[in-house]
Amino acid sequence: ASKVSLEKIMDHVAGYAITIDVTARDIQEQCKEERIPWTMAKCLDTFCPVGPFIPAEKIDPFNTEIMLKVNDELMQHGNTTDMIFNVPVLLEYINRHITLYPGDIVLTGTPEGVGPLLPGDRVSVFIPDITEASFCCRIGLIHNFVLHAI
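Keep in mind that what you see is a predicted model, and the values were worked out from it rather than measured.

Scoring rules and cut-offs
Residues numbered from 1 in each chain as written. Predicted model: local features only at pLDDT ≥ 70, side-chain atom pairs only at ≥ 80, totals over all residues. Heavy atoms only, no water. Helix = DSSP H or I, 4+ residues; strand = E, 2+ residues; numbered from the N terminus. Rg over C-alpha atoms; globule rule 2.2 N^0.38 Å. Buried < 20%, exposed > 50% of the residue type's maximum accessible area, 1.4 Å probe, protein only. Contact = heavy atoms within 4.5 Å. Areas by Shrake-Rupley, 256 points an atom, 1.4 Å probe, with all protein chains shown as cover. Lys, Arg positive; Asp, Glu negative; His and termini not counted. Charge placed at Lys NZ, Arg CZ, Asp CG, Glu CD. Patch = residues over 30% accessible without salt bridge, like charges linked within 9 Å, V, L, I, M, F, W, Y side chains within 5 Å. Salt bridge = Lys/Arg side-chain N within 4 Å of Asp/Glu carboxyl O. Core = buried A, V, L, I, M, F, W, Y, C linked by side-chain atoms within 4.5 Å.

Undergrad: Explain the overall build of the protein chain residue by residue, including any values.
TA: Within the protein chain one finds two helices and seven strands. Sequence-ordered secondary structure for the protein chain, helices as α and strands as β, is β-α-β-β-β-α-β-β-β. Taken over the C-alpha trace, the protein chain has a radius of gyration of 16 Å; the compact-globule value for 150 residues is 15 Å, and the two agree within 12%. Principal-axis analysis of the C-alpha atoms gives the protein chain an extent of 45 × 45 × 25 Å. Buried residues in the protein chain amount to 31% of all 150 residues. Counting contacts in the protein chain only where the partners sit at least 6 residues apart, residues at least 24 apart contribute 57% of the total. Approximately 9700 Å² of the protein chain is accessible, and the part contributed by carbon and sulfur atoms is 56%. In the protein chain, 11 positive and 20 negative side-chain charges are present, and the distance between their average locations comes to 4 Å.

Undergrad: Can you lay out a nonpolar patch on the surface for me, pointing to particular residues and giving the numbers?
TA: Taken together, the side chains of L6, I84, F85 and V89 present a nonpolar region at the surface, about 400 Å² in accessible area. Among the secondary structure elements, L6 is positioned in the segment before β1 (15–16). Taking relative accessible area as the criterion, L6 reaches 38% and is therefore assigned partly exposed.

Undergrad: For the environment of D60, give the residues involved together with the corresponding values.
TA: Its place among the elements puts D60 in the loop between β2 (54–55) and β3 (65–70). Residue D60 is classed as partly exposed on the basis of its relative accessible area of 37%. As a C-alpha pair, D60 and Q28 span 32 residues in sequence and 33 Å in three-dimensional space.

Undergrad: Could you give me a rundown of the nonpolar core, with the residues and numbers involved?
TA: Within the largest apolar cluster, 21 residues are counted, with the highest numbers of intra-cluster contacts made by I20, I59, L68, V123, V125 and I127. Elements with a minimum of two residues in this core: β3, α2 (87–97), β5 (122–127) and β6 (131–136). The biggest single contributor to this core is β5, with three residues. Among all residues touching I20, those that are not within four sequence positions of it are F47, C48, P49, L68, V123, V125, A133 and F135.

Undergrad: Mind laying out unusual backbone geometry, listing which residues take part and the relevant values?
TA: Backbone geometry places D72, a non-glycine residue, at a positive phi of 70 degrees. Assignment of secondary structure puts D72 in the loop between β3 and β4 (73–79). Of note, the phi angle at D129 is positive, near 65 degrees, even though the residue is not glycine. As for its position among the elements, D129 is in the loop between β5 and β6.

Structure follows, in structure tokens:
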């Protein structure tokens, strides 16, 4: 869809998924110093594991709690109520400039608490009582599982 109105944009959302949007800060800083695009800092293998699909009717995009743990220590805890621009506003803005297709994934940001990851760290992002996605930095394996049926 392209140029869908704010009033109708959510009719085009089939569902949601949690992701872990990793950035290699060392590569990012090097690219900034060299005044080159820092795309590679976001695009390395295993840098954006995506959790299981959650049907749109199971998530309230205006009030959903999201948490991230590293080695079982809570590092990020936020709610979609904290977003500067809510999901419909973000999607309508993006869609005004970019055609979105079925299956496209749009990442909307992260709560404060970003920090370094070390080899062997286990990272988990979750929506309490709904879903969790996790991975181990050492081996780059992604383990997705549903905590309960949705």
